[in-house]
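These are the residues of each chain, in order.
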Amino acid sequence: MDLFLQFLVSVLSLGGVYALLALGLSTVFGLLGFLNFAHGDLMTICGYGLYFMLAAGFGFVPAATLALALAALAAVLMERLAFRPLRGRNPMTLLITSFALSLALHVSFQIFISPKPKPIPVPEFLSGYFTIGEIFISRAQVIAIVVSVLSLVLLNLFVNRTRLGVALRAAAADFDVARAFGVKANQVIAIAFALSGLLAGLAALVWISQRGAVFPTMGLTPMVKALIAVIIGGLSNPRGALLGGFMLGLLEAGFLFTLPDSLVLYRDALVLLVLILFLMFRPNGLIATNPEPMR
Amino acid sequence: MKKAVLEVENLVVQYGQISAVQGVNLTVNENELVTVIGANGAGKTSTLNAMMGLVPAASGEIRYKGESLLHMPVEKRPSMGIAFSPEGRRVFGPLSVRDNLRVGGNSLPASQVDGRIDEMVERFPILGERLQQAAGTLSGGEQQMLAIARALMISPDFLILDEPSLGLAPIVVAQVFELIAELHAEGVAILLVEQNVRKSLAIADRAYVMELGRFVREGAADELAADPSIENSYLGAA
Ligand SMILES: Nc1ncnc2c1ncn2[C@@H]1O[C@H](COP(=O)(O)OP(=O)(O)O)[C@@H](O)[C@H]1O
Ligand SMILES: [Mg+2]
């Protein structure tokens, strides 16, 4: 029972972060038909934002809020400067552009900030453990779950209840027709990027509070995980991204809890092996609604 | 003298080397139902899409109530009173019927949207029963009704319909044409592209016949319907 609870917390806290990232990826993919490889770097930007705000003397919560805003802004700027000039081109062009952008960001962080990790002091309320009877549960994990679930609920409310949210989903379903009904292309694309930046930022806060540092390629590992999540779940489909994120969390936590210590090192390799097997049977992911997305 | 709602002059639409529309002239006047008929690939959809701004016009002019649409962004059209039901219906499949209608009312003040949805439900009771259902799960006929209802959300002055009867069962086709005739009677200017020549000539005021990117005939709908050459090319086998 204790072990099961700890396992569940691991699944949800890992899965939650992957789901946040995967949702950000799929939001942009659903609209523009390309995977933004610089998505993980929005996490890094949020991390550095947090680092500098803390260094400037802000408290953790205001610093984190500002860092989130920075990630959203960075995502919007990314679209404005790098992707908009290429709008309507082959998605492959956009994909490669996002690769280049990601590399350029890594190098810039190395040159202008530091190639070494910058420590981020994690505040009291995020470190340590809750104890329930005999069992210990890390606070950071619990916060990760709370933040992910809350964000997912809010996102769901936004896309279903608000006019802009509905317009965003309509544009993802059929961009041209949505425009014909007055949905402004630039506006929904900016909103989609802002959302993806916000989601990446939230993932970054959760990620950092469990690790306590930010470095130039910090976004790389979680980005690869998010990619795996959207591939499992099916691209261009928010429900798939969500499902994929939690499936990946389940898989990783499963290996973490069942593998003998000597093999835990290989769990990423095992996850990828499972992914390959999975893709042999479900090449379009779990929920294949739209194998050929809109441009 | 009738007032023109839409005027198209020497419109040319090209896809790379292909000229899909080669110098078309067309007018739709206030309260008028105009139909464009012609075989598959004649260039009808390209003409409409150019009016909507979804494909660029290589040359020519498109004016709506005297104002040029050529450099007007697509998304401005609904606030000018132009509504569109595209070929193949293209409802937003994953969205509920209600959300499809909400998007139709995207250019209305937010406070008017729910009221308009109620009016649409009154006009299309089948949609009312399915407001929460994903549009993609509706039957073809229901999707077509939704596509038209979505377009009517703004109470348009000018309605563009691209093959609304395509792929529908005969009973549903009759309903669709009845609805179009009703909207015409209510005074909406309508441009109707159809391959169902007999039915569209029966409800239209005027008609254009399109072949290989050009209008080869135009005239009063009843005259064209009675014309033996039209009879042979378009009505014969049907
Ligand atoms: N996006 C496109 N790219 C290239 N050619 C196209 C495109 N859309 C239509 N065409 C071509 O333009 C011509 C006219 O097509 P269309 O306007 O769809 O005719 P219709 O609506 O009368 O069936 C056809 O030859 C068609 O193959
Ligand atoms: Mg057509």
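Caption draft 1: Representation of the interface of chain B and chain A within the structure. Taken together, the contacts link 24 residues of chain B with 20 residues of chain A. Regarding the contact of chain B and chain A, the summed buried area is about 1900 Å², with carbon and sulfur atoms giving 59% of it. Three residues, Glu75(B), Phe92(B) and Asn106(B), lead the burial of chain B against chain A; their summed loss comes to 32% of the area buried on that side. Joining chain B to chain A, the criterion identifies 3 salt bridges.

Caption draft 2: Region of the structure containing the coordination of the magnesium ion (ligand 2). The protein atoms that coordinate the magnesium ion (ligand 2) are Thr45(B) (OG1) and Glu87(B) (OE), at distances of 1.9 to 2.2 Å. With Thr45(B) in helix α1 (residues 44-52) and Glu87(B) in the loop between β6 (82-85) and α3 (97-104), this residue pair connects regions lying 42 residues apart in the sequence.

Caption draft 3: View of unusual backbone geometry. All names here are of chain B. Of note, the phi angle at lysine 65 is positive, near 50 degrees, even though the residue is not glycine. Positionally, lysine 65 belongs in the loop between β4 (59-64) and β5 (67-68). Take lysine 65: its relative accessible area is 46%, and that puts it in the partly exposed class. The residue arginine 90 is not glycine, and still its phi comes out positive at about 50 degrees.

Caption draft 4: Looking closely at the site of ligand 1. Residue and element names in this part refer to chain B. Tyr15, Ala20, Ala39, Asn40, Gly41, Ala42, Gly43, Lys44, Thr45 and Ser46 make up every residue found near ligand 1. Residue asparagine 40 places a side-chain N or O atom 3.4 Å away from an oxygen atom belonging to ligand 1. Broken down by element, the shell around ligand 1 gets its largest block of residues, 3 residues, from α1. A per-class count over the shell around ligand 1 returns 4 nonpolar, 5 polar and 1 charged.

Caption draft 5: Molecular detail of the layout of surface pockets. All names here are of chain A. Taken as a whole, the largest pocket spans an internal volume of roughly 890 Å³. Along its surface, the largest pocket is lined by 23 residues, and Val159, Arg169, Asn237, Pro238 and Arg239 are the ones closest to its centre. Counting only elements with at least two residues in the lining of the largest pocket, the list comes to α1 (2-32), α5 (139-161), α6 (163-173) and α10 (238-258). With 5 residues, the single largest contributor to the lining of the largest pocket is α5. Classifying every residue of the lining of the largest pocket by side-chain character gives 12 nonpolar, 9 polar and 2 charged.

Caption draft 6: A look at a nonpolar patch on the surface. On the surface, a cluster of nonpolar side chains totalling about 440 Å² of accessible area is made up of Val149(A), Leu150(A), Val153(A), Leu154(A) and Leu157(A). Assignment of secondary structure puts Leu157(A) in helix α5.

Caption draft 7: Broad picture of the packing of helix α2 (residues 39-55) of chain A against helix α3 (residues 60-83) of chain A. All names here are of chain A. At a closest axis distance of 8 Å, the pairing of α2 and α3 adopts a crossing angle of 140 degrees. By the angle between their axes, α2 is oblique relative to α3. Read as a crossing pair, α2 and α3 show a hand that is right-handed. Across the interface between the two elements, Leu42, Ile45, Cys46, Gly49, Leu50, Met53 and Leu54 from α2 touch Phe60, Ala63, Ala64, Leu66, Ala67, Leu68, Leu70, Ala71, Ala74, Ala75 and Met78 from α3. Looking at side-chain class alone, the contact of α2 with α3 contains 17 nonpolar, 1 polar and no charged residues.

Caption draft 8: Representation of the sheet that holds strand β9 (residues 206-211) of chain B. All names here are of chain B. In space, the 6 strands of this open sheet follow the order β6-β7-β8-β3-β9-β10, with mixed pairing throughout. Whereas interior strands pair on both sides, the edge strands pair on one side only; in this sheet they are β6 and β10 (214-220). Neighbour-to-neighbour, the strand axes of the sheet open up by a mean angle of 15 degrees, direction not taken into account. Sheet analysis places strand β3 (residues 33-37) next to β9, joined by 4 bridges and oriented parallel. Bridging from a neighbouring strand, valine 36 pairs with tyrosine 208 of β9. Packed on one face of the sheet, α1 meets β3, β6, β7 (158-162), β8 (189-194) and β9 and runs near 145 degrees to β7. Against the sheet, helix α6 (residues 140-152) makes contact with β6 and β7, and its axis sits at roughly 170 degrees relative to β6, the strand it touches most.

Caption draft 9: Structural detail: the pattern of salt bridges. In this structure the tally under the stated criterion is 19 salt bridges over all chains. The shortest N-O distance in the salt bridge between Glu9(B) and Arg63(B) comes to 2.6 Å. With Glu9(B) in strand β1 (residues 4-15) and Arg63(B) in strand β4, this residue pair connects regions lying 54 residues apart in the sequence. Owing to a relative accessible area of 32%, Glu9(B) belongs among the partly exposed residues under this scheme. Among the ionic pairs, Arg206(B) bridges to Glu32(B), the shortest N-O distance being 2.6 Å. Of this pair, Arg206(B) sits in strand β9 while Glu32(B) sits in the loop between β2 (18-29) and β3, and the two are 174 residues apart along the sequence. Each member of the pair Arg206(B) and Glu32(B) is classed as buried. Via salt bridges that share partners, Glu79(A), Arg84(A) and Arg87(A) belong to a single interconnected network.

About the thresholds
Residues numbered from 1 in each chain as written. Chains lettered and ligands numbered in written order. Predicted model: local features only at pLDDT ≥ 70, side-chain atom pairs only at ≥ 80, totals over all residues. Heavy atoms only, no water. Contact = heavy atoms within 4.5 Å. Buried area = accessible area lost by both parts, 1.4 Å probe. Salt bridge = Lys/Arg side-chain N within 4 Å of Asp/Glu carboxyl O. Donors = N, O, S within 2.8 Å, 3.2 Å for Na, K, Ca; no water. Helix = DSSP H or I, 4+ residues; strand = E, 2+ residues; numbered from the N terminus. Buried < 20%, exposed > 50% of the residue type's maximum accessible area, 1.4 Å probe, protein only. Near = heavy atom within 4 Å. Polar contact = N/O pair within 3.5 Å; in protein donor to acceptor, adjacent residues only side chain to side chain. Nonpolar A, V, L, I, M, F, W, Y, C, P; charged D, E, K, R; others polar. 1 Å grid on protein atoms, 1.4 Å probe; cavity = no way out; pocket = protein on both sides within 12 Å on 5 of 7 lines; lining within 4 Å. Points joined across faces, edges and corners; volume = space filled by probe spheres on them. Patch = residues over 30% accessible without salt bridge, like charges linked within 9 Å, V, L, I, M, F, W, Y side chains within 5 Å. Areas by Shrake-Rupley, 256 points an atom, 1.4 Å probe, with all protein chains shown as cover. Axes fitted to C-alpha atoms, helices over the stretch in contact; angles between N-to-C directions. Parallel < 35°, antiparallel > 145°, perpendicular 65-115°, else oblique. Left-handed = near helix turned anticlockwise from the far one by under 90°. Pairing = 2+ DSSP bridges.

Bear in mind that shape data such as this cannot, by itself, settle questions of function.
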